[in-house]
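Geometric and topological summary
As a plain string of letters, each chain reads:
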Amino acid sequence: MNQLSDRLNSLSPSATLAMSQKSAELKAQGVDVINLSVGEPDFNTPDHIKEAAKKAIDDNFSRYSPVPGYPALRNAIVEKLKKENGLEYTAAQISCANGAKQSVCNAILVLVNPGDEVIVPAPYWVSYPEMVKLAEGTPVIVPAGIDQDFKITPAQLEAAISPKTKVLILCSPSNPTGSVYSKEELAGLAAVLAKYPQVVVIADEIYEHINYIGEHQSIAQFPEMKERTVIVNGVSKAYAMTGWRIGFIAGPEWLVKACNKLQGQYTSGPCSVSQKAAEAAYAGTQAPVEKMRKAFERRRDLIVKLAKEVPGFEVNVPEGAFYLFPKCDSFFGKSAGERKINDSDDLAMYLLEVAHVACVGGASFGAPECIRMSYATSDENIVEAIRRIKEALANLK
């Protein structure tokens, strides 16, 4: 008997989680798999944050919190936005959730009606179009290839806007490409959006601190955009706190109140202890953040250098996050014995089963000509993974 809803049946499973699971299954069988599919830092949460969590337990922060999070955490986020981003918000304009993923989904669900269009630049994070489908909206995919550093232009944005357009989802630094929009590039997009006041921007800035070109830029900095932008951020990437599940939105109060209303009916406030840990992350020393950023930058340089030496790969230089997104369509149509590579998903599976390196095919990111590699792993793993990949790809004829 199948009584599942049409809503669920319209969704695709997460390709990143699926590949991570297949990698884990092979490892459980004793296969030496190097996992470049996972989207989380390989560092431990800094000690002062863990100590704050332990203290929160001892201080009995064990009861329900307010739906949008404790005032102390929201005020710490207000200070972070003011100090780091030059943006003025009040605690009433902040709502915390169970990770930035829920924050994005909350914003989509409160904004999008059936039939509304949501512009999603591609390559995109795998969950964006699926969340739009969940809201019964229509994802409008705007492709940006490696030749334009995977970033859409103002002309592309304007061409995609219709009377049905409700939302633009913008991710910078980007998952899966590591591309970062400059202030000038964001100004160009803002100038287009100024003509269409009905369009709200969901600005996913979760990789803000993993940035190799200097100061992070938010589209919310432009006066005409601040009241039409929902900033999404959290502690998972910058502070190596993926499992703590704390994200937040900052935006116009009417929209934040709507997200609180929605969240109040299906999860309520996020974990109380995690909130106290996140408060310490924002209010305490930022030295561990910079230490991790420098390590990621070194790894970025290493993997770019090695990947450029792989015949058949086309590689750009990501400016943030911890992903490389090489174009690999030169291998499509090639074979190794009875095994034929038709697309990047086939290639990713080939690399997993033959080279024992887990990557993710680009189709689920809206870029079927690419594969995603995470370099949130050791230098030694990066060197060995690219060696294995190079050797396996040389066998495709």
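As the structure is a computational prediction, the values presented were derived from the model and not from experiment.

A word on the environment of Thr-177. Mapped onto the secondary structure, Thr-177 falls in the loop between β5 (165-171) and α8 (183-193). Classification of Thr-177 as buried rests on a relative accessible area of 1%. Considered as a pair, Thr-177 and Tyr-196 are 19 residues apart in the sequence and their alpha carbons are 28 Å apart. Discounting residues that sit within four places of it in the chain, Thr-177 has contacts with Pro-123, Phe-150, Pro-318, Tyr-323 and Phe-325. A polar contact is formed between the side chain of Thr-177 and the side chain of Ser-174, at a distance of 3.0 Å.

On to the domain arrangement of the chain, then. Per the domain assignment, the segments of the chain are domain 1 (6-44 + 288-395) and domain 2 (47-284). Each of domain 1 and domain 2 was reduced to a C-alpha centroid, and the two centroids are 26 Å apart. With 37 residues of domain 1 at the interface, the matching set in domain 2 holds 33 residues. Three residues stand out in domain 1 for area buried against domain 2, namely Val-289, Glu-319 and Phe-365, and they jointly supply 20% of the buried area on that side. Connecting domain 1 to domain 2 are 14 residue pairs in polar contact (both at pLDDT 80 or more). Per element, the largest residue contribution to the side of domain 1 that touches domain 2 is seven residues, and it comes from helix α11 (residues 287-307).

So, about the UniProt feature "domain: Aminotransferase class I/classII large" (unreviewed entry) in the chain. As annotated in UniProt, the feature "domain: Aminotransferase class I/classII large" (unreviewed entry) corresponds to residues 32-389 in the numbering used here. Here residues 32-389 runs as 38% helix and 15% strand, with 14 Å between its end C-alpha atoms.

Take the pairing of β5 next. The element β5 is extensively covered by neighbouring structure, given that six of its seven residues are classed as buried. In terms of strand pairing, strand β3 (residues 117-122) meets β5 through three bridges, oriented parallel. Among the inter-strand pairings, Val-118 is bridged to a residue of β5, identified as Val-167. Examined bridge by bridge, β5 and strand β6 (residues 200-204) share five bridges and lie parallel to one another. Across the sheet, residue Leu-170 finds its bridge partner in β6, namely Ala-203. Traced from β5 through α8 to β6, the parallel crossover comes out right-handed.

A word on the environment of Glu-353. Among the secondary structure elements, Glu-353 is positioned in helix α12 (residues 344-355). When the C-alpha atoms of Glu-353 and Val-120 are compared, they prove to be 32 Å apart, with 233 residues separating the residues in sequence.

This part covers the packing of aromatic side chains. A full pass over the atoms with the stated rule returns 12 aromatic pairs. Centre to centre, the rings of Phe-43 and Phe-296 are 5.4 Å apart; their planes meet at 85 degrees, and the pair counts as edge-to-face. One end of the pair, Phe-43, is in the loop between β1 (34-35) and α3 (47-58); the other, Phe-296, is in helix α11, and 253 residues separate them in sequence. On the basis of relative accessibility, which here comes to 27%, the residue Phe-43 falls in the partly exposed class. On the basis of an interplanar angle of 75 degrees and a centroid distance of 5.5 Å, the ring pair of Phe-150 and Phe-325 is categorised as edge-to-face. One end of the pair, Phe-150, is in the loop between β4 (138-143) and α7 (154-160); the other, Phe-325, is in the loop between β9 (323-324) and β10 (335-336), and 175 residues separate them in sequence. In this structure an aromatic cluster arises from ring pairing among Phe-43, Tyr-207, Phe-296, Phe-322 and Tyr-323. A cation sits over an aromatic face here: Lys-226 above Tyr-89, 4.0 Å from the ring centre.

Scoring rules and cut-offs
- Residues numbered from 1 in each chain as written.
- Predicted model: local features only at pLDDT ≥ 70, side-chain atom pairs only at ≥ 80, totals over all residues.
- Heavy atoms only, no water.
- Helix = DSSP H or I, 4+ residues; strand = E, 2+ residues; numbered from the N terminus.
- Buried < 20%, exposed > 50% of the residue type's maximum accessible area, 1.4 Å probe, protein only.
- Contact = heavy atoms within 4.5 Å.
- Polar contact = N/O pair within 3.5 Å; in protein donor to acceptor, adjacent residues only side chain to side chain.
- Domains from an automatic or database assignment.
- Buried area = accessible area lost by both parts, 1.4 Å probe.
- UniProt positions renumbered as here; feature names shortened; annotations may be inferred.
- Pairing = 2+ DSSP bridges.
- Right-handed = clockwise from strand over helix to strand, strands pointing away.
- Phe/Tyr/Trp six-rings, centres within 6.5 Å; stacked < 30°, edge-to-face > 60°.
- Lys NZ or Arg CZ within 6 Å of the ring centre and 35° of its normal.

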